[in-house]
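Structural features, examined
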Amino acid sequence: MTGAYPRLRSLFRLAVLYLILSAFYGVPVYSESLTPEEIGLKIAQDTQARDQGFGNLTAQQTMTLRNKQGQESQRQLRVKILEVLEDGDKSLFVFDNPRDVQGTALLIHGHKDTSDDQWLYLPALKRVKRISSSNQSGSFMGSEFAYEDMSSPEVEKFTYMYLRDEPCGNLTCTVMERYPVNRKSSYSRQVIWQDKDALRAQKIEYYDRKNAHLKTLTLTGYKLYLDRYWRASEMTMVNHLTGKSTVITWTDYQFQTDLDNRDFTKTGLRRIR
Amino acid sequence: MLRSPLQVLTRAAWFLTMALGAQICAGSEIDHEVFGQVRFENRWYPENAAYPGQPDLASGIVLEPEFYFESVEGWSFTLIPFLRHDSADPDRSHADLREAYFLLLGEIGDGEWELRLGVDRVFWGVVESHHLVDIINQTDLIEHPDEEVELGQLMAHATWSGNFGAAELFILPHHRERTYPGRKGRLRSSLVVDDDHPSYESGAKEWHMDFAVRYSQNFGPFDIGVSFFDGTSRDPLLQPQVSEQRNGELVLVPHYEQIRQFGIDAQLTTDEWLFKLEAIHRADSQNLRYVEEDYAAFVVGAEYTFYSILGTAADFGVLGEWCYDERGKDATNIFDDDLLIGIRVAFNDTQNTEIFSSLLRDRDYSTSAFVIEFNRRISDQWSANLELFSLFNVEKKDTQFDPIRRDSFLEFRLNYNF
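The structure contained in this document is the topic of the report that follows. Fair warning: this is a prediction, and the values are worked out from it, not measured in the lab. (Residues numbered from 1 in each chain as written. Chains lettered and ligands numbered in written order. Predicted model: local features only at pLDDT ≥ 70, side-chain atom pairs only at ≥ 80, totals over all residues.)

Attention shifts here to the overall build of chain B. On a plain count of helices and strands, chain B comes out with one helix and 21 strands. Computed over its C-alpha atoms, the radius of gyration of chain B comes to 22 Å, within 12% of the 22 Å expected for a compact globule of 418 residues. Based on the C-alpha atoms only, the size of chain B along its principal axes is roughly 65 × 65 × 45 Å. The proportion of buried residues among the 418 residues of chain B is 36%. By sequence separation, contacts in chain B at least 24 residues apart represent 57% of the contacts at least 6 residues apart. (Helix = DSSP H or I, 4+ residues; strand = E, 2+ residues; numbered from the N terminus. Rg over C-alpha atoms; globule rule 2.2 N^0.38 Å. Buried ≥ 20, exposed ≤ 12 C-beta atoms within 10 Å, placed from the backbone. Contact = placed C-beta atoms within 7 Å.)

This is how it looks when you write it as structure tokens:
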């Protein structure tokens, strides 16, 4: 046991050094000797580490779908997310509006290394239906968000490459590319801007398999919850090919509620309303 | 037409609703929600009726509200009455209590228990062609010949679930009779089914205590359920009898036997493929020739989906199922040896436009049933549905299809959701 102490001490020194450097250069600090791929991965890991420990959350989502002509339609749903440290997070989407899908629910058990498990609850038939999760590129509720845009961005789902730092509004952002590991993804790459203050995603550009700029997501109205977790209150996705857009407005964020595993099961799904 | 046990239940539910209402007014902490659906329907049968007095056009209105109450202590009560008025067939104008149950739940270790007391609907199964394993609820056949709609069932339903899966116990103290079209209704047999005076094998008649158990779990991409049922069959044998209540008319009297049934339902979900299986073994039931015959039956199927076809948002699915019943032509249902092929198109647009179409073909007789359904949202509140149900190549020998050979129909439904 005693042999471990010197190593601990040097780790401690490194940590202190990191903190001091952080104070000078802002977070994060990445060594010059790392490759762009390593820096990219490090940013993704740091982003995930920052968000770790939120436990669970509930929130309300209003989706406003706008077509090229400016016609709007709205969706309202409730979202519940359970953090799973050793695997992908579990999430539950319950639809309130439009009324014909009222009470319909989608349960997702996310996985880091394999396809997610998904079940759909159809209240009219009281039927819990296992559905395939390979529909990554499919539209979520007819919106400009694909299923893969809605799933939690686990580090393992992409490979990364750091590009540069540049100003973004009043902040400075790191810009990196990430490449989906899943071959079912409709994207060849995504370019993501994250501010250096708190690694909040500010903008994501999506490029399709032919490398055409397909969509842009802009995240605004960040609020801090529990002094630690930043969440955007508005997410705007613009599709450059169709001219359509979708705005997701998040309200009623609640962290560390009494949700647990039991609320994210097939039997729990039958109780949804 | 309300029957006495249902009347009792309706009254009980009414009483509970009033009691809950009173509590809410008294300021007790009970949350409540009201929502539901009103449907306006028109069904048109283009061919002339086989029997006198059957109209070609049936208009209907359906009211299905849902009342939900939840207390701060954690229990909830759900109430869903159902009311239909039909312009053509007085028997199709009917009321039902789809759901009226208390839900209680709690924790056991890592898992949980759940108790549902009252009238509820329970669905088991995975395939599309018909509900083979599903046995808890009676079919509200008069609603639609596809046997998808179910009547409420009185039950005590306990669930214990955890990492090991879910184990469920059902105690079913009351049996519901299947609903059949009346004399003026289309889609009826040549003899009218007298569903007001069924006969039962059990001396306790419809109050025989039935039991069922089920265990279900998923292992990665594999979902499986095994079930056992012991009690009154939901599928009646129709026996021709001279009816005293109907002045000596020859009618079909439903006879409900005591049966035992093992069931298994499973689905393997891979990327684009779904593989499905439902199988049962049923003991102590009679076949179409009124001879007692234990039997096995199964449905196997597969579904393949092409996602985002032709660069659009639409998904296109094709499915195939084979239904087999080892009794063959003596089977009491139409799925003795049938193939179903189907397509499903989900446009994934803002109107949630969907098309489902299937063709069912009997391998013994040439009888075929073709269905195409089109669904579309109109606004936040309104949605519409158009359906063609068509029978063709019906053989005279095919005694289950022959009486309804002229009853293909086109139906338009307009739904208001609130």
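Read on, since the account is not over.
Here the focus is the overall build of chain A. The helix and strand inventory of chain A stands at four helices and 15 strands. Within chain A, the fraction of its 273 residues that count as buried is 33%. For chain A, the proportion of contacts with a sequence separation of at least 24, taken over those separated by at least 6, is 41%.

Once that is clear, we can look at helix α2 (residues 36-51) of chain A. An α-helical turn contains 3.6 residues, so any two residues separated by three or four positions project in the same direction. Residue and element names in this part refer to chain A. Here α2 contains 16 residues, and its C-alpha end-to-end distance of 23 Å stays within 8% of the 22 Å for a straight helix at 1.5 Å per residue. Of the residues making up α2, those classed as buried are I39, G40, L41, I43 and A44. Contact partners of the buried residues in α2: β7 (158-168), β8 (171-180) and β9 (187-195). (Expected span 1.5 Å × (residues − 1).)

Let's shift gears to the environment of L241 of chain A. With respect to the element layout, L241 of chain A can be found in the loop between β14 (234-239) and β15 (245-255). When the C-alpha atoms of L241 of chain A and L214 of chain A are compared, they prove to be 6.2 Å apart, with 27 residues separating the residues in sequence.

This brings us to the interface of chain A and chain B. Between chain A and chain B, the residue contacts involve 25 residues of the former and 33 residues of the latter. Looking at the side of chain A that touches chain B, the elements with two or more residues in it are β6 (127-131) and α4 (266-269) of chain A. Classifying every residue of the side of chain A that touches chain B by side-chain character gives three nonpolar, 13 polar and nine charged. (Nonpolar A, V, L, I, M, F, W, Y, C, P; charged D, E, K, R; others polar.)

What follows deals with unusual backbone geometry. Excluding glycine, most residues fall at negative phi; most peptide bonds, likewise, are trans. For the bond running from N97 of chain A to P98 of chain A, omega is 0°, close enough to zero to count as cis. Looking at where P98 of chain A falls in the secondary structure, it is placed in the loop between β3 (90-97) and β4 (105-109). Residue L226 of chain A is not a glycine yet carries a positive backbone phi of 50°. Relative to the helices and strands, L226 of chain A resides in the loop between β12 (223-225) and β13 (229-231). Since 12 C-beta atoms lie within 10 Å of it, L226 of chain A is described here as exposed. Positive phi values are uncommon outside glycine, yet L187 of chain B reaches one of about 65°. Looking at where L187 of chain B falls in the secondary structure, it is placed in the loop between β7 (165-172) and β8 (199-200). Among the residues examined, L187 of chain B registers 23 C-beta atoms within 10 Å and is labelled buried.

Residue and element names in this part refer to chain B. Among the secondary structure elements, V149 is positioned in the loop between β5 (111-120) and β6 (153-162). Judged by C-beta crowding, with 19 C-beta atoms within 10 Å, V149 ranks as partly exposed. Measuring from C-alpha to C-alpha, the distance between V149 and F40 comes to 17 Å, with 109 residues separating the pair along the chain. Setting aside anything within four residues of it in sequence, one finds V149 in contact with D140, E143 and H144.

What follows covers the sheet that holds strand β12 (residues 249-256) of chain B. One key point about sheets: their strands pair by backbone hydrogen bonds, in either a parallel or an antiparallel sense. Residues and elements named next belong to chain B. Ordered by their spatial adjacency, three strands build an open sheet running β8-β12-β11, and the pairing between neighbours is mixed. Two strands close off the open sheet at either side, each with one partner strand: β8 and β11 (237-243). Note: β8 against β12, two bridges, orientation parallel. Its bridge partner lying in β12, S199 is registered against H255. (Pairing = 2+ DSSP bridges.)

The next point concerns the environment of Q138 of chain B. All names here are of chain B. The topology assignment puts Q138 in the loop between β5 and β6. Spatially, the C-alpha atom of Q138 lies 7.6 Å from that of G152, the residues being 14 residues apart in sequence. Each residue touching Q138, except ones within four places of it in the same chain, is listed here: E150, L151, Q153, R176, E177, R178 and R234.

Moving on to the pairing of strand β18 (residues 354-362) of chain B. Residues and elements named next belong to chain B. With nine bridges connecting them, strand β17 (residues 337-346) and β18 associate as antiparallel partners. Bridge assignment links G342 to a residue of β18, and that residue is S358. Strand direction decides the pairing type here: β18 and strand β19 (residues 368-377), joined by eight bridges, are antiparallel. What sits directly across from S357, in β19, is I372. Hairpin connection, β18 to β19: the antiparallel pair is bridged by five residues.

For a regular strand, side chains alternate in direction, first toward one face of the sheet and then toward the other. Residue and element names in this part refer to chain B. Here eight bridges tie strand β1 (residues 30-44) to strand β21 (residues 409-417), and the two strands are oriented antiparallel to one another. When the bridges of β21 are listed, R39 appears paired with N415. The pairing of strand β20 (residues 382-392) with β21 spans eight bridges and is antiparallel. Bridge pairing in β21 places L386 opposite F412.

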